[in-house]
Each structure stands twice: as structure tokens, then as C-alpha cells.
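# Chains, contacts and geometry: an overview
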Amino acid sequence: MASGLTKMTARVLTCLFTTDAGSLTASQLAERLKVSPASISKAIAFLESQSLVRRERDERRRDRYIVDDELFYQATIASARSNDQLVETARQGVTVLGPHTPAATRLENVARFLDFISESITRAAEQAREVLHTKPSTADASTDTSPPHPDQP
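Residues numbered from 1 in each chain as written. Predicted model: local features only at pLDDT ≥ 70, side-chain atom pairs only at ≥ 80, totals over all residues. Heavy atoms only, no water.

## Looking at the pattern of salt bridges
One pass over the structure, following the stated rule, counts 7 salt bridges. The residue Glu56 makes a salt bridge to Arg54 at a minimum N-O spacing of 2.1 Å. A relative accessible area of 37% places Glu56 in the partly exposed class. Using a relative accessible area of 30% as the deciding quantity, one classes Arg54 as partly exposed. The partner of Arg54 in a salt bridge is Asp68, and the shortest N-O contact between them spans 2.6 Å. A residue pair is termed long-range when its members are at least 10 positions apart, and Arg54 in strand 2 (residues 54-57) and Asp68 in the loop between strand 3 (63-66) and helix 4 (69-97) qualify at 14 residues. Of the residues examined, Asp68 reaches a relative accessible area of 24% and is grouped as partly exposed. Several salt bridges converge on common partners, so that one network encompasses Glu48, Arg55, Arg57 and Asp63. (Salt bridge = Lys/Arg side-chain N within 4 Å of Asp/Glu carboxyl O. Buried < 20%, exposed > 50% of the residue type's maximum accessible area, 1.4 Å probe, protein only. Helix = DSSP H or I, 4+ residues; strand = E, 2+ residues; numbered from the N terminus.)

As C-alpha cells, this is what we get:
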């Protein structure tokens, strides 16, 4: 919730992350959280829109909602790409306003800032991606949560 999720959305995401399988059906989520299927549906719709959950059909043709190692990477890349659209829009504003106006200067600074942030997020996500696919050793798991340095094996 501290990152901006509603209480129900945070509960659904937490429930999915804390299952060993990393996936549940809507009815399983509703039962575990003791809420209506409509509440689950609304939370899942938001989580899917943010690329935090993906949907698959199981053998009984029920939707299963899944969190896996790759989702946080994909969500991070999607967030960086959404910044790219803001950069483009700000730069179009510079052209419309004329490059020597205070408003255009402000928009260009916003574009440069967001462009830098987007590139940094993408680079960091690429460098840390392997962390999502490794199992921490029990000795290191409680003490070191930092990603490996890109130059280290």
C-alpha cells in the first residue's frame, strides 16, 4: 500500500506472492482473502495493467493469476517506456512553444530528466535481471540483498 496500491490490490498481490505455486484462481483468491469475486476482479485488472500479474488458462479453462520471476523485470521496463512517451510529448511542446521561451526550457529540462531516468532504470533492470532468477543461499539470504555487480560472475 505504501507504493500506491489500494488495500485490496496489495492484498491480492501479497496473496499471490506468498503462495508456493505463485498462482491462484479468482475463486481461490476470494476464498483466501474472504472477499467477493468482484473485488478480486477489480484488483487483478489493475495489477494486469501494471504488468504485475499475468493471466493463463488452466486445464479446466479457469483463469489463473500468476506472479513469476520475470514480471517485475517486465513491469520495470514498461514503466521506463511510459516515461519515453512523456519525453516525446515534452519535446513536441518545446517545438510548439519555441525553443527560447521559459516554458519550452522547462519542458526540455523535464524531457532530459525523464530521458536520463528512463535510460538509468532500463540499464539497472538489465544488469539486475539475473537476481530474479537465482535462488539465494540460506547463509547469504538474510544478510545480502544487493544485486551482483555487473562485472562479477
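## Some words on the packing of aromatic side chains
Within this structure, the stated rule accounts for 1 aromatic pair. A centroid spacing of 5.5 Å and a plane angle of 35° characterise the contact between Phe17 and Phe72, whose relative ring orientation is tilted. Of this pair, Phe17 sits in helix 1 (residues 7-17) while Phe72 sits in helix 4, and the two are 55 residues apart along the sequence. Note on Phe17: relative accessible area 38%, which makes it partly exposed. Here Phe72 falls in the partly exposed class, since its relative accessible area comes to 37%. In this structure, Arg129 is placed above the aromatic ring of Tyr73, and the distance from its NZ or CZ to the ring centre is 3.8 Å. (Phe/Tyr/Trp six-rings, centres within 6.5 Å; stacked < 30°, edge-to-face > 60°. Lys NZ or Arg CZ within 6 Å of the ring centre and 35° of its normal.)

Function cannot be read off these values alone, since they describe shape.
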